[in-house]
Amino acid sequence: MASSSSAQDVARCDLCKTAIAQSYCDFCHVNLCKPCIGEHISYEYDKHKIVPVLQRKSTLIYPGCVIHDNKACEHRCTECDIFVCSFCTASKQHRGHEFLKLEELYNTKKQNIQNDAEELESQIMPAYEDIAIDLEKQIASLDDQYKKLTTEISKQREEIHREIDIVINQMEKEIGEIKVKHQSILHKHLDEIKQLQSSIQQSLLSLREMEESNEVSSTIQFCSKHEEFGMIPPKLKIIMPKFIPKQIQRERLRDVFGEITSLSTTMEDKEHTSKKPNTSVRELLDEPKVLNTIKTGQKKLCSVTCLNEEQIWTSGETANIKCFNIQGVLQKTIQKKSREFPVDIAVERDGALLYSDWARKTVYKVKNNHTGKIITLQGWTPTNLCVTSSGDLLVAMHSHDETQSKVVRYSGSTVKQTIQFDDEGQPLYSGNDYIKYISENRNLDICVADNKAGAVVVVNQAGKLRFRYTGHTSPTKNRPFTPRGITTDSQSRILTTDCKNHCIHILEENGQFLRYIDNCDLKDPFGLFLDNNENLLLCELERSIVKQIKYVI
């Protein structure tokens, strides 16, 4: 227990204040020079523990016994959980009890203290320093980042202004062309009227001459043109073109202009015992792109799931389940127990395949070419499946009379949780036989695509309703919101397919719409899953293909 330092080597005596201390009283915790030792131990001499100064605090100071005066407790009674002296250990009160040496407990605790101090100094404090430095850097860069954001908006404003100027110039050009046409019509009609006026004037002159004439023959031959000229031509009326301004709808204008995503905050667990590499937020790509396309040859492709890029499982309205690699090469085909198609498929972490058989009301597991039942229902029909991060299985199901739906969590074949009603006793999900794709978010929320209700229903781990997402207003997505497949990514974003509008909605974890994926020639998007590289695997129902789509950086 000895300790030494340069500061201790030149410690001054605490009594005389001048001489260099060579000794130390481990009981009183004072530095002493040789002349002062005698003075120090002149009172209560039996309690003092004088040691060389370099061995300061090496003598253990035991607690005094509360029963026996002037006796130190060097043991602890394990049964009574009190400190005891040597007299106590021999007493009848503690006969047959076990005792622990306080010195051993002290040394163990000292080692623990030393270990804690070393861990605090070498691992925990640096971890906090890293976090503090990172936060300081983030704060320092805020102005630049938000300036960049406003700059991007300003660029978009300029672009919108340019487009508006182009539209206005086109309309002004159109007005000029209409004006020229208007002038041409008026001039043509004016020329016709002037020509008639000239004819009338000539006829009037002839009539005046005949009035003055006394020639019989010319007068007798006169033929009146009054009836011809008396048919006054209609007055030309032209309705001026008008500019009808559209009412400016701010929300629709924002849809056209662009969107600002919400501020997203995630807490990254940090272990000081084994430092994890920093993982940056995976930003959304402005233009998602298709990396691969797999032609499955299955009728009405509904579901896709994968273990890795060598094992991508697909199912549709056929009685077989196929496994492909990412290049589209068929690896394996599994024939179902019944001839009916599986409603959904899922893969466990050990590679076992699960599928739900609606005809037999059973969930099957396929492993090592052996198919076995794991769940068989009574009064309910299993539809969609999700293997959770903890290894549990979530099963969406509906009642045989198609009036109720629920989600049940299983551990093996044991029911652990049923999710069916909200806090007011109202059904969380629509009661019908429509399939309800299901996914567990990274924050352990349970997300269900309720197609018939036109909503994504999200509950927390305890089954409490968090929110319902019923679609996003868009002038280009004007058909009813029909969510089908659903999945979640490492940022707790929720992605769901919108079959009728041929797109994918991306939501942040609290249900706020972020953006669409609608640029990858999507047609009837259905089942959805994320591969190990966080690329989307998307089923297209009628084309019976799986697209691998990169949508994050």
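Residues numbered from 1 in each chain as written. Predicted model: local features only at pLDDT ≥ 70, side-chain atom pairs only at ≥ 80, totals over all residues. Heavy atoms only, no water.

### What to know about the overall build of the chain
Formally: Under the scheme used here, helices are H or I runs from DSSP no shorter than 4 residues and strands are E runs no shorter than 2 residues, and both carry numbers assigned from the N terminus. We take the radius of gyration over the C-alpha atoms and set the globule estimate at 2.2 Å times the residue count to the 0.38 power. Exposure classes here rest on a 1.4 Å probe applied to the protein chains alone. A residue is buried below 20% of its type maximum, exposed above 50%, and partly exposed in between. Here, two residues are considered to be in contact whenever any of their heavy atoms come within 4.5 Å of each other. Counted charges follow a simple rule, with Lys and Arg positive, Asp and Glu negative, and His plus the chain ends left uncounted. Just so you know, the charge point we use is NZ for Lys, CZ for Arg, CG for Asp and CD for Glu.
For the chain, the helix and strand inventory stands at seven helices and 30 strands. The C-alpha atoms of the chain give a radius of gyration of 45 Å, which is well past the 24 Å a tight globule of 553 residues would have. Taking the principal axes of its C-alpha atoms as reference, the chain extends roughly 175 × 75 × 50 Å. Considering the chain as a whole, with its 553 residues, one finds that 35% of them fall into the buried category. At a minimum sequence separation of 6, the contacts of the chain that also span at least 24 residues come to 45%. Charged side chains of the chain number 72 positive and 77 negative; the gap between the two group centres comes to 4 Å.

### Regarding the confidence of the model for the chain
Note the threshold: Confidence per residue, as judged by the predictor, is encoded in pLDDT with a range of 0 to 100.
On average, the chain scores 88 in pLDDT, and the residues at 70 or more come to 94%. For residues 1-8, every residue scores under 50 in pLDDT, and the model assigns this stretch 14 contacts once sequence neighbours within four places are set aside. Of the regions scoring below 50 in pLDDT, residues 271-280 engages in 15 contacts with residues more than four places distant in sequence or in other chains.

### With respect to unusual backbone geometry
If you check the backbone angles, Lys361 has positive phi at about 55 degrees while not being a glycine. Locating Lys361 in the fold gives a position in the loop between β13 (353-357) and β14 (362-367).

### Structural notes on the state of the cysteines
The test is simple: Disulfide: a pair of cysteine sulfur atoms within 2.5 Å of each other.
As enumerated under the stated definition, the model contains zero disulfides in all. Left unpaired, Cys16 is separated from the closest cysteine sulfur, that of Cys33, by 3.8 Å. With relative accessibility at 28%, the residue Cys16 sits in the partly exposed group. Here Cys386 stays unpaired: no disulfide links it, and the sulfur of Cys447, its closest cysteine neighbor, is 9.0 Å away.

### Describing the side chain of Gln548
What counts here: N or O atoms within 3.5 Å of each other form a polar contact, as long as, within protein, one can give a hydrogen and the other can take it, and as long as residues adjacent in sequence are counted only when both atoms are side-chain atoms.
Topologically, Gln548 is positioned in strand β30 (residues 545-552). Under the relative-accessibility criterion, Gln548 is labelled buried at 3%. Side-chain polar atoms of Gln548 contact the side chain of Asn292, separated by 2.6 Å. Residue contacts for Gln548: discarding those within four places in its chain leaves Lys289, Val290, Leu291, Asn292, Glu309, Ile326, Asp531, Asn535, Leu536 and Leu537.

### Section: helix α4 (residues 102-212)
Rules: Expected span of a helix, by definition, is 1.5 Å for each gap between consecutive residues, and there is one gap fewer than residues. The angle separating two fitted axes, one through the seven residues that finish at a residue and one through the seven that start at it, defines the bend at that residue.
If you check α4, its first and last C-alpha atoms are 157 Å apart, about what 111 residues at 1.5 Å a residue would give, namely 165 Å. Of all bends in α4, the biggest is about 45 degrees, found at Ser141. Within α4, burial applies to Leu102, Ile124, Pro126, Ala127, Ile160, His182 and Ser203. Tucked into the core, α4 has its buried residues touching β4 (75-77), β5 (82-84), β6 (99-101), α6 (226-230) and α7 (250-257).

### Some words on the sheet that holds strand β17 (residues 393-399)
To be explicit about the condition: Should DSSP find at least two bridges between two strands, the strands are taken to pair. Simply put, an axis is a line fit to the C-alpha atoms, just over the touching stretch for a helix, and the angle between two N-to-C directions goes from 0 to 180 degrees.
On the basis of which strands lie adjacent, the open sheet formed by four strands has the order β16-β17-β18-β19 and antiparallel pairing. Looking at strand neighbours, the two that pair on one side only are β16 (380-387) and β19 (414-419), the edges of this open sheet. Here the average twist between neighbouring strands, direction ignored, is 30 degrees. Direction of pairing for β17 relative to strand β18 (residues 405-411): antiparallel, over a ladder of six bridges. For Val395, the partnering residue across the bridge sits in β18 and is Val408.

### Concerning the environment of Asn369
Mapped onto the fold, Asn369 is located in the loop between β14 and β15 (370-376). Residue Asn369 is classed as exposed on the basis of its relative accessible area of 66%. In this structure the C-alpha to C-alpha distance between Asn369 and Ile334, which are 35 residues apart in sequence, comes to 8.7 Å. Here the side chain of Asn369 touches Lys332 through a polar contact of 3.4 Å, side chain to side chain.

### Describing a nonpolar patch on the surface
Rules: The patches described consist of residues with a relative accessible area above 30% and no salt bridge, like charges being joined within 9 Å and nonpolar side chains (Val, Leu, Ile, Met, Phe, Trp, Tyr) within 5 Å. We get accessible surface area from the Shrake-Rupley algorithm with a probe of 1.4 Å; when it comes to residues, only the shown protein chains can shield them. Salt bridge, as used here: a side-chain nitrogen of Lys or Arg that lies within 4 Å of a carboxyl oxygen of Asp or Glu.
On the surface, Leu142, Tyr146, Leu149, Ile153, Ile260 and Leu263 cluster together into a nonpolar patch covering about 560 Å² of accessible area. Structurally, Tyr146 can be placed in helix α4. For Tyr146, a relative accessible area of 44% gives the class partly exposed.

### Things to note about the packing of aromatic side chains
The criterion, for reference: Each Phe, Tyr or Trp ring (for Trp, its six-membered ring) is paired with any other whose centre lies within 6.5 Å, and the angle between the two planes then decides the class: stacked below 30 degrees, edge-to-face above 60, tilted in between. Any Lys NZ or Arg CZ that is within 6 Å of a ring centre and within 35 degrees of that ring's normal is treated as a charge sitting over the ring.
Here the structure, examined in full by the defined rule, presents five aromatic pairs. Ring plane angle 80 degrees and centroid distance 6.2 Å describe the contact between Tyr437 and Phe526, whose orientation is recorded as edge-to-face. Placement of the pair is Tyr437 in strand β20 (residues 436-440) and Phe526 in strand β28 (residues 525-530), with a sequence separation of 89 residues. Residue Phe526 is classed as buried on the basis of its relative accessible area, which comes to 5%. The ring of Trp380 carries the charged tip of Lys406 above its face, separated from the ring centre by 4.0 Å. The ring of Tyr516 has Lys477 sitting right over it, with the charged end atom 4.6 Å from the ring centre.

### With respect to the pattern of salt bridges
Taken as a whole and judged by the stated rule, the model has 18 salt bridges. Residue Asp350 is joined to Lys367 by a salt bridge in which the shortest nitrogen-to-oxygen separation is 2.8 Å. Taken together, the positions of Asp350 in the loop between β12 (345-347) and β13 and Lys367 in strand β14 put the pair 17 residues apart, joining distant regions of the chain. Residue Asp392 pairs with Lys416 through a salt bridge whose shortest N-O separation is 3.0 Å. On the criterion of sequence distance, the pair formed by Asp392 in the loop between β16 and β17 and Lys416 in strand β19 is long-range, its members being 24 residues apart. Judged by relative accessible area, which is 7%, Asp392 ranks as buried.

### Some thoughts on the pairing of β20
The buried fraction of β20 is high, at five of five residues. On β20, burial covers both faces: Lys436, Ile438 and Glu440 on one face and Tyr437 and Ser439 on the other are all buried. Two elements, β20 and strand β21 (residues 446-450), share five bridges in a ladder whose sense is antiparallel. Across the sheet, residue Lys436 finds its bridge partner in β21, namely Asp450. Count of turn residues in the β20/β21 antiparallel hairpin: five residues, of which Leu444 carries a positive phi of about 75 degrees.

### Focus: the sheet that holds strand β24 (residues 483-488)
In spatial order, the strands read β24-β25-β26-β27; together these four strands make up an open sheet with antiparallel pairing. Of all the strands in the sheet, just β24 and β27 (513-517) have a single pairing partner and so form its edges. Pairwise comparison of adjacent strand axes, ignoring direction, gives a mean angle of 20 degrees for this sheet. With four bridges connecting them, β24 and strand β25 (residues 494-498) associate as antiparallel partners. Opposite Thr488, over in β25, you have Ile494 as the bridge partner.

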